Structures are given as structure tokens and as C-alpha cells.
Amino acid sequence: MKQETINIRIYDHRIDQIIERPMDELIREMVAAQMPVTFEIEALKAQAIIARTSIVRKARVFGGEGCSRHTGADMCNGECEKWLPKAEWQEIWGSDFGQYWGKIDRAVRETKNSILTIHNKPIEPRVHPTCGGATENSECVEGHKVIYLRKVLCEYCKNSPQWREIKEITLKELEEKLDIETGDLSPLREVPMAGIFDHIERDDGGRVVSVKIAGKKFTGREVMKLLGLNSTRFGWKPTVFQFETQGMGDGLGLCQYGANQMAAEGKKADEILNYYFTGIQIKEFEQPSINKPLKDKIFVVDPGHGGDNEEDVKGPTGLREKDVNLSIALKVADLLEEAGAKVFVTRKEDIYVPLGKRANLANDLRPNFFLSIHQNYFANPNISGSEIYHYRGDQDGEALAVQILKELSKGIGTADRGVKVADFFLLREVRTSALQIEVAYITNPEEEAKLKDEEFRSKAAEAIVKGLIRYYTYQ
């Protein structure tokens, strides 16, 4: 059976836009951006597995949280990942494109579906160009222990151009970049420089009587004469600093130049990955099913109102909101279950359920989303359309609401009145992403008439579920 295409949404900073990329194509583009294409094929295969792992860990289609900085995106080409689209690699590589892209394509094909896991969950696959002799423990970099990011010795990256580098930084640059002030130079002041200038002795007038320079003792007069200074009343501070570094990056996870040397010595991708990531397993990720796109997701569906303990909202001809809410909500629940989700409904009949009890149910279950179904009402009967409310700061709820409103507009033809912030009790008290979905205005005569129709309610339910599927799969 042909495997379905999985689309991933990536935010491109350069054009300030979210674009969709087929997953396998995105992996090729990520590998091209993240590792020199001239590297050994087994090193490129290791990088392909890392790129795939990163996608499976982040993308919402696999249960990830998406990009934390850009609502609606699975990742971005800034803080999340290095990435350039295929068309740009054609320009960059020119006549070598066919050869290079074929090499990367092979790396992706030969590792198809493989990801790095620990306890059957994708790891955070950290990489850096050159470790400089040893990778690092996570707690030394991030402040907390990660069992698969353990220090390993690495002599494989000695041939890296980043193995050792010298960089000069002027005093002015140092002050600007570190936001410090070293002060003005005075002839009676010296900057401590252990191992270079030591054991300084001055007389009462501030003249240097003697000083040790690099371990050798000089009189002040000797220094004055040998360096051509005007006086023995002198001080010093450096104006240029020379920093020597070994390696490049934070040292966590895979050392890329080390991986390339291991590959050159005959090591396979799995051996390379098991060397740099402690205790991991390389497994095939579970494919999201086109027939069960919401598999393993949990939802609480809440038909608004109910019972006789509160004012019953009615349309112009007496249609009761609580009845319509229940009808649409139960249809939503059935469709969600058909899509593979586990669903809990706060009420399945016309009974009163206190708001606190509804919130407690959601807080005990910790669902992916809490969906409260309503119709809106207003004194002016001309007001119409659908709108959705979320609690302030709920970015996931806001992103889902956008998708559902789009589907409602297409599915039942109601005007999109927008996604709005509200401080409603359930939105505030439910400790997970929660939405109050207002399907049309029951006080609008035309929309009340539509809400009486079972087919219209079914289409509304279908639109809500399509919005959820769109949110998770982007198909």
C-alpha cells in the first residue's frame, strides 16, 4: 500500500510566512543545510536520522508541540532548525546539484522512517560541528541531566578546520560585547596579568622599582630602556586579546566532523549514533493513519448549558440553545472517535452539570483540548456568524480556533467573526487548551432556521472535526 504524504509546516523567517513541505523532502533540505554534502555517506545517513527525529519530536501530526515562537508552525528556519528549500540548493550547487542531491537522497532513502528513541519516545537530537576532544554532559550546558547526552571522548574530529582557532578581540570590542568598562590607563595603574606581569614594586612616587615579566625580574629602569619608554612611572593594560578555542559548538550530542571521520574509518550510521548518544535505540516511527488522524488524542466535548437550573437561551421561534448544543456536541464526539480519538462528554442528555464539575473532569483527564459548544445570542437580531473564544495566552487554542473557523465558514457558510480572548469560567479554570465555539447566532432568524436542520448541525460538527484534523495533520 502506498504510504501517505505527511506535510510539515515550517515558518520561513526570510519571507515571514509558514509553508508546507512533504516530510521526506524537508529532511533532504535539512540535511543539505546542516552537514557538508562532501561528508561520507554514513555520516550523512546519521544526520538524516537526526533530522527525521527532530521533525517527529516537534511536529503536531506526531503529537509534538510545534514551534514555540510561531503559532501554527511545526518548526522554523531560525531558532529551531537550519533549513533551505531545494530550489535554493540548485542555485548554490549549480552544475553539481544532481550529484549532491542524489547523495543526500540516498542518505534519506536508506534510513527511511528511522529515528532515535529512548523509552520509545523520540529524543532531542543535539548536534555540533566539532567537539574538540570530548562531547559534554547536558547538565554542564543546559543545567539538567539528560540520560542520552553524556560526555564521550572523541579524537575523531582532529582534522576539523575548527579543531583549533585563534581569534583576536580588541579591548573596545570586549567592553562593548560584554557591557563592561575597564577604565582609563593611568601611569600608576596596571591591569593584573598573572604569569606575565607579577611582583610589581613601586616607590612612594609611583615609579616602578622592579617587576617580574613572564617569570624574569627586571628593574623599572631596565624596562624603560629596553622598551623605549619615557619614564619608570608607567602602567599597562592590553588593547588586543587573543583567544584560542578548541572545537566549535556546545559539545552536546553528535560531533559532526567526528561522525565523518568514523564513517571514513568504516563505521556505519547506527554505530556512529550509538557512540555519541548514550543508551538510545534506533527505531521506525509510527506512521499517522489517514483513517485515524487523531489516534491517541484525548478531547473533552462540552455541550453548553443543559437542565433547568439556568436561564434557557432561545431563538425567535423558541429553538433552545441547550438542545442544539447537545446535538452538535454528540455529533462532534462521534466523529472524533471515528478519527481515532478518545472522547469524554460532559453531558449526554438534557441535565444540569455545574461548571466546576465540567472543569474538574477536564483537569483530571488532561485532554489535548477542551471544546465547549454553544450558539451566540445578541439583542440585535441582525448579528450573525460564528466566533470562537480562548483564554489569554493560549496559543494552541488560538491556532486551533483559526482552523475551525475556516472550516465552519466553508462547511456551513457562516461569517467568520474572528478568534477572541475571553475570561469565561471554563476557559479560565480548565488547565489545558480550551475553546468556546459559538456556532452561529441563535437570535438571528435565518441562522436559527438553519440550526433547526439536522443536516446543518451535522455539517457544523464535521467542520469542527475537520478543523482539528487540519490542526494536527495539515493534509
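First things first, this report covers the structure right here in the doc. Bear in mind the structure is a predicted one, so any value in this text is a computation, not a measurement. (Residues numbered from 1 in each chain as written. Predicted model: local features only at pLDDT ≥ 70, side-chain atom pairs only at ≥ 80, totals over all residues. Heavy atoms only, no water.)

## Section: the nonpolar core
(1) Moving on: Core analysis: the biggest nonpolar cluster contains 60 residues, and Ile55, Phe62 and Phe277 have the highest contact counts within it.
(2) Moving on: Among the elements that take part in this core, helix H2 (residues 41–58) stands out by supplying 10 residues, more than any other.
(3) Moving on: Ignoring sequence-local partners within four residues, the contact set of Phe277 consists of Ile50, Leu116, Ile123, Pro125, Arg126, Tyr148, Leu149, Gly253 and Leu254.
(4) Moving on: By size, the runner-up hydrophobic cluster in this structure holds 41 residues, among which are Val332, Phe369, Ile442 and Leu468. (Core = buried A, V, L, I, M, F, W, Y, C linked by side-chain atoms within 4.5 Å. Buried < 20%, exposed > 50% of the residue type's maximum accessible area, 1.4 Å probe, protein only. Helix = DSSP H or I, 4+ residues; strand = E, 2+ residues; numbered from the N terminus. Contact = heavy atoms within 4.5 Å.)

## Brief notes about the sheet that holds strand S5 (residues 121–122)
(1) Moving on: Pairing in this open sheet of 3 strands is antiparallel, and the strands run S5-S4-S13 from one edge to the other. Lying at the two open borders of the sheet, with one neighbouring strand each, are S5 and strand S13 (281–284).
(2) Moving on: As paired strands, strand S4 (residues 114–118) and S5 are joined by 2 bridges and run antiparallel to one another. By the bridge assignment, Thr117 is partnered in S5 with Pro122.
(3) Moving on: Together, S4 and S5 form the strand contacts of H2, whose direction differs from that of S4 by roughly 65°. (Pairing = 2+ DSSP bridges. Axes fitted to C-alpha atoms, helices over the stretch in contact; angles between N-to-C directions.)

## With respect to the packing of aromatic side chains
(1) Moving on: Scanning the entire structure with this criterion turns up 15 aromatic pairs.
(2) Moving on: Taken together, the aromatic side chains of Trp89, Trp93, Phe97, Tyr100 and Trp101 make up a single cluster linked through ring pairs.
(3) Moving on: Sitting above the plane of the Tyr472 ring, Lys297 keeps its charged end 4.8 Å from the centroid. (Phe/Tyr/Trp six-rings, centres within 6.5 Å; stacked < 30°, edge-to-face > 60°. Lys NZ or Arg CZ within 6 Å of the ring centre and 35° of its normal.)

## Quick notes on helix H1 (residues 23–34)
An α-helical turn contains 3.6 residues, so any two residues separated by three or four positions project in the same direction.
(1) Moving on: Taking 1.5 Å of rise per residue, the 12 residues of H1 would be expected to cover 16 Å, and the 16 Å separating its terminal C-alpha atoms lies within 8% of that figure.
(2) Moving on: Within H1, 10 of the 12 residues are buried, leaving the element largely enclosed by the surrounding structure.
(3) Moving on: Within the sequence span of H1, burial applies to Met23, Glu25, Leu26, Ile27, Arg28, Glu29, Met30, Val31, Ala32 and Gln34. (Expected span 1.5 Å × (residues − 1).)

## As for the environment of Gly132
(1) Moving on: The residue Gly132 is located in the loop between strand S6 (127–128) and helix H5 (138–141) in this model.
(2) Moving on: For Gly132, a relative accessible area of 14% translates into the label buried.
(3) Moving on: The spacing of Gly132 and Glu91 is 41 residues in sequence and 33 Å in space, taken between C-alpha atoms.

## Quick look at the packing of H1 against H2
(1) Moving on: Packing of H1 against H2 brings their axes to within 9 Å, and their N-to-C directions diverge by 125°. One element, H1, and the other, H2, form an angle in the oblique class. Crossing handedness for the pair H1 and H2: right-handed. Taken together, the residues of H2 that come into contact with H1 (itself represented by Met23, Leu26, Ile27, Met30, Val31 and Gln34) are Leu44, Gln47, Ala48, Ala51, Arg52, Ile55 and Val56.
(2) Moving on: Across the contact of H1 with H2, the residue classes break down as 10 nonpolar, 2 polar and 1 charged. (Parallel < 35°, antiparallel > 145°, perpendicular 65-115°, else oblique. Left-handed = near helix turned anticlockwise from the far one by under 90°. Nonpolar A, V, L, I, M, F, W, Y, C, P; charged D, E, K, R; others polar.)

## Describing unusual backbone geometry
(1) Moving on: The phi dihedral of Ala214 is positive, around 55°, even though this residue is not glycine.
(2) Moving on: Following the sequence through the fold, Ala214 ends up in the loop between strand S9 (208–213) and strand S10 (216–219).
(3) Moving on: Residue Ala214 is classed as exposed on the basis of its relative accessible area of 59%.
(4) Moving on: Positive phi outside glycine occurs at Asp296, with the angle close to 75°.
(5) Moving on: Relative to the helices and strands, Asp296 resides in the loop between S13 and strand S14 (298–303).

## Here's the deal with helix H9 (residues 269–276)
(1) Moving on: Those residues of H9 not exposed but buried are Ala269, Ile272, Leu273 and Tyr276. Looking straight down H9, one finds its buried side chains confined to an arc of 95°; they lie on one side. (Arc of directions from axis to C-beta.)

## Here we look at the pairing of S4
(1) Moving on: For S4, a buried count of 5 out of 5 residues is recorded, marking the element as mostly surrounded by other parts of the structure.
(2) Moving on: Residues Ser114, Leu116 and Ile118 line one face of S4 and the alternating positions Ile115 and Thr117 line the opposite face, and both faces are buried.
(3) Moving on: One ladder, built from 4 bridges, connects S4 with S13; its direction is antiparallel. In the sheet register, Leu116 faces S13, and the bridge partner there is Ile282.
(4) Moving on: Connecting the antiparallel pair S4 and S5 is a turn made up of 2 residues, with His119 showing a positive phi of about 55°.

Distances and angles like these do not, on their own, reveal function.
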